[in-house]
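# Survey of secondary and tertiary structure
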Amino acid sequence: MAVTIEDLYRNYGILADASKDNLSQHKDAYQVILDGVKGGPKEKRLAAQFIPKFFCSFPELADAAINAQLDLCEDEDVSIRRQAIKELPRFATGDNILRVADILTQLLQTDDTAEFNQVNAALISIFKIDAKGTLGGLFSQILQGEDIVRERAIKFLSAKLKTLPEDVMTKEVEEYVFAETKKVLEDVTGEEFVLLMRVVSGLRVLQTVNGRQQLVELVVEQAFLEQALNPADPDTVDRLLQCTRQALPLFSKNVHSTRFVTYFCEHVLPNLSALTSPVAELDIQLEVLKLLAEMSPFCGDMEKLEANLNMLFTKLLEYMPLPPEEVENGENSANEEPKLQFSYVECLLFGFHQLGKKLPDFLLDKVDNERLKDFKIRLQYFARGLQVYIRQLRVALQGKTGDALKTEENKIKVVALKITNNINVLIKDLFHNPPSFKSTVTLSWKPVQKAEAVAPKRPSGEEMGGSTKKQISPQPRRDARQIYNPPSGKYSATIGNFNYEQRGGFRGGRGRGFGNRGNRSRGRIY
């Protein structure tokens, strides 16, 4: 005979009126309440509230009670499911915490927004009861659950752990998070890797030099820096971009980027033109050069410094063209003007400048005279075009403030001015005799505290310093004027903040890390 509303209220009254010492004697009354889950919608809603209230008084019926509540969590009526989920934290006592956390983690797969929020709230509440036990349930599903549950559990950790107070996220709990995350990282997609790095990067226990070094080691392991780069494989390139991007915020004067910088110099730069972009619209060459530039200030002692500097120098020469040849009457030949790729040069010049500090005599002692002469010719030609470009940008932006600077065209010009000013400063250093590596610039895509707004004053034609005054025309030449053509090519199309992240998972497993994870079981496995 089905349990009725009256049966539920009557047996609830028996349990509520019983003294604490005599409560366990009314096992039959509690069984009636458990049977309420087999009734209609009203009976189920009451049972969802009554079952947890007396749960702790009947340990011999604990499994039956939890299973009854789980049946309600899977009911077709969403209102019943929400009520049952809301009450689940009341079962999170003693050894049950792990099971309840595991159940709630599986319930994250719901597509109902209100129900999903209820599950999130329930997980947060049991975190405050037993954080380590809750994490045990979450990580159990991340490691063994089905894909949708794994995905949402990782996103939950990424979003919610940082909001929990220190008395919940104790040192012991954070160390447990780090240990379990390392297990998960043995087999992840690119998106999962990014989210999990956010989780561990936010742990207070790792906010030390030693902690950041541990995080770098974690990324190094994922990056496969011990393997040669296959530039034709977009997954390999994607992995390197992801790992480098995650490592960047961790680098400092005490946590060095040496292994990454070395890898870029030895494996990436030689294959720069052959790199296959993992994302169609991504200028992969420029993104790689940006990463190298950002890492270079934090590079420590390097075993093959001269060879790596030479690779940077060689690549820099590729982007600094020779001036066009002139025919007998002094006019330029019919050949097309070389294109000055300022964005590429900023990155390469900055990286060369940073590593050059470690070997300041490189240009004088390690580069032969002919090559050095060729470099100076290229440098002077680039500097001349640079000056024209800076003048035209300043004129175009002069007097513009506020909303006028927020148009897309002017935003591009403002960033272009940052790029050209940076290159100008770095070239000045190299014009010194001997070359200097003392100037400091902020990379154009990095935030600055004070806007480098448009200067009302136009620069003089002698801005490049005494050693090049005679080489620079005081007025823009015909061929130099043709250099300015904004917005054009790779210069303007890629200007802006560097914010590339993985779009979807990595393809092609390698047996460890970022691989294709095997299909997981479907259905409830509580």
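As a reminder, the structure under discussion sits directly above these lines.
Note that this is a predicted model, so its numbers are computed, not measured.

## Remarks on the overall build of the chain
When helices and strands are counted, the chain shows 22 helices and zero strands. Split into buried and exposed, the 526 residues of the chain put 52% on the buried side. Contacts in the chain between residues at least 24 apart in sequence constitute 76% of all its contacts with a sequence separation of at least 6. Entry remark: accessible area of the chain is about 24,800 Å², with carbon and sulfur atoms responsible for 47%.

## Quick word on the packing of aromatic side chains
Under the criterion given, the structure shown has 15 aromatic pairs. Taking the centre distance of 5.9 Å and the plane angle of 75 degrees together, the rings of Phe-313 and Phe-362 count as edge-to-face. One end of the pair, Phe-313, is in helix H16 (residues 305-318); the other, Phe-362, is in helix H18 (residues 362-366), with 49 residues separating them in the sequence. We classify Phe-313 as buried; its relative accessible area is 0%. By relative accessible area, Phe-362 is classed as buried at 1%. Positioned above the aromatic ring of Trp-445, the side-chain terminus of Lys-290 is 5.2 Å from the ring centre.

## Considerations on the side chain of Asp-283
Mapped onto the elements, Asp-283 comes out in the loop between helix H14 (258-268) and helix H15 (284-295). Of the residues examined, Asp-283 reaches a relative accessible area of 13% and is grouped as buried. A distance of 2.9 Å separates polar atoms of two side chains, one belonging to Asp-283 and the other to Tyr-344.

## Re the nonpolar core
Within the largest apolar cluster, 157 residues are counted, with the highest numbers of intra-cluster contacts made by Tyr-30, Ile-51, Leu-104, Phe-375 and Ile-427. Per element, the largest residue contribution to this core is 11 residues, and it comes from helix H19 (residues 369-397).

## Overview of the environment of Ile-377
Mapped onto the secondary structure, Ile-377 falls in helix H19. Note: C-alpha distance between Ile-377 and Met-320 (57 residues apart in sequence) is 9.5 Å. Residue contacts for Ile-377: discarding those within four places in its chain leaves Leu-322 and Pro-323.

## Some remarks on helix H11 (residues 190-201)
In a regular helix each residue adds 1.5 Å, so 12 residues correspond to 16 Å; H11 covers 16 Å between its end C-alpha atoms and thus fits that length. Burial analysis of H11 places nine of its 12 residues in the buried class, which makes it a mostly covered element. Restricting attention to buried positions, one finds in H11 the residues Gly-190, Glu-192, Phe-193, Val-194, Leu-195, Leu-196, Met-197, Val-199 and Val-200. Packing partners of the buried residues in H11 comprise helix H9 (147-160), helix H10 (171-184), helix H12 (209-223) and helix H13 (234-247).

## A closer look at unusual backbone geometry
A cis amide bond links Asn-433 with the next residue in sequence, Pro-434, at an omega value of 0 degrees. Structurally, the position occupied by Pro-434 is in the loop between helix H20 (408-431) and helix H21 (478-481). Positive phi, normally seen in glycine, also occurs at Phe-224, with a value near 55 degrees. For Phe-224, the location among the structural elements is in the loop between H12 and H13. Taking the relative accessible area as the measure of exposure, Phe-224 reaches 4% and is therefore buried.

## Points about the pattern of salt bridges
A side chain of one charge can pair with a side chain of the opposite charge when the charged atoms of the two come close. Tallying each qualifying case throughout the model produces 23 salt bridges. Between Arg-152 and Asp-111 there is a salt bridge whose closest N-O contact spans 3.3 Å. Of this pair, Arg-152 sits in helix H9 while Asp-111 sits in the loop between helix H6 (96-106) and helix H7 (113-127); the two residues are 41 residues apart in sequence, bridging distant segments of the chain. Two residues, Glu-306 and Lys-366, come together in a salt bridge whose shortest N-O distance is 3.8 Å. Linking Glu-306 in helix H16 with Lys-366 in helix H18, this pair joins segments that are 60 residues apart in sequence. Given a relative accessible area of 39%, Glu-306 falls into the partly exposed group.

## A closer look at the environment of Glu-303
Relative to the assigned elements, Glu-303 resides in the loop between H15 and H16. Taking the relative accessible area as the measure of exposure, Glu-303 reaches 83% and is therefore exposed. Separated by 41 residues in sequence, Glu-303 and Thr-262 have C-alpha atoms that sit 8.8 Å apart.

## A few points about the packing of H16 against H19
Direction vectors running N to C along H16 and H19 enclose 45 degrees, while the axes themselves pass 11 Å from each other. Here H16 is positioned oblique relative to H19, judged by the angle of their axes. In the packing of H16 onto H19, the handedness of the crossing is left-handed. Residues Asn-310, Phe-313, Thr-314, Leu-316 and Leu-317 of H16 touch H19, and the partners they reach there are Arg-371, Asp-374, Phe-375 and Arg-378.

## As for the packing of H11 against H13
Following both chains from N to C, one finds H11 and H13 inclined at 5 degrees, their axes separated by 10 Å at the closest point. For the element pair H11 / H13, the angle class is roughly parallel. Facing Gly-190, Phe-193, Val-194 and Met-197 of H11, the residues of H13 in contact are Gln-242, Cys-243 and Gln-246. Of the residues belonging to the contact of H11 with H13, the class tally is four nonpolar, three polar and no charged.

Definitions and limits used
Residues numbered from 1 in each chain as written. Predicted model: local features only at pLDDT ≥ 70, side-chain atom pairs only at ≥ 80, totals over all residues. Heavy atoms only, no water. Helix = DSSP H or I, 4+ residues; strand = E, 2+ residues; numbered from the N terminus. Buried < 20%, exposed > 50% of the residue type's maximum accessible area, 1.4 Å probe, protein only. Contact = heavy atoms within 4.5 Å. Areas by Shrake-Rupley, 256 points an atom, 1.4 Å probe, with all protein chains shown as cover. Phe/Tyr/Trp six-rings, centres within 6.5 Å; stacked < 30°, edge-to-face > 60°. Lys NZ or Arg CZ within 6 Å of the ring centre and 35° of its normal. Polar contact = N/O pair within 3.5 Å; in protein donor to acceptor, adjacent residues only side chain to side chain. Core = buried A, V, L, I, M, F, W, Y, C linked by side-chain atoms within 4.5 Å. Expected span 1.5 Å × (residues − 1). Salt bridge = Lys/Arg side-chain N within 4 Å of Asp/Glu carboxyl O. Axes fitted to C-alpha atoms, helices over the stretch in contact; angles between N-to-C directions. Parallel < 35°, antiparallel > 145°, perpendicular 65-115°, else oblique. Left-handed = near helix turned anticlockwise from the far one by under 90°. Nonpolar A, V, L, I, M, F, W, Y, C, P; charged D, E, K, R; others polar.

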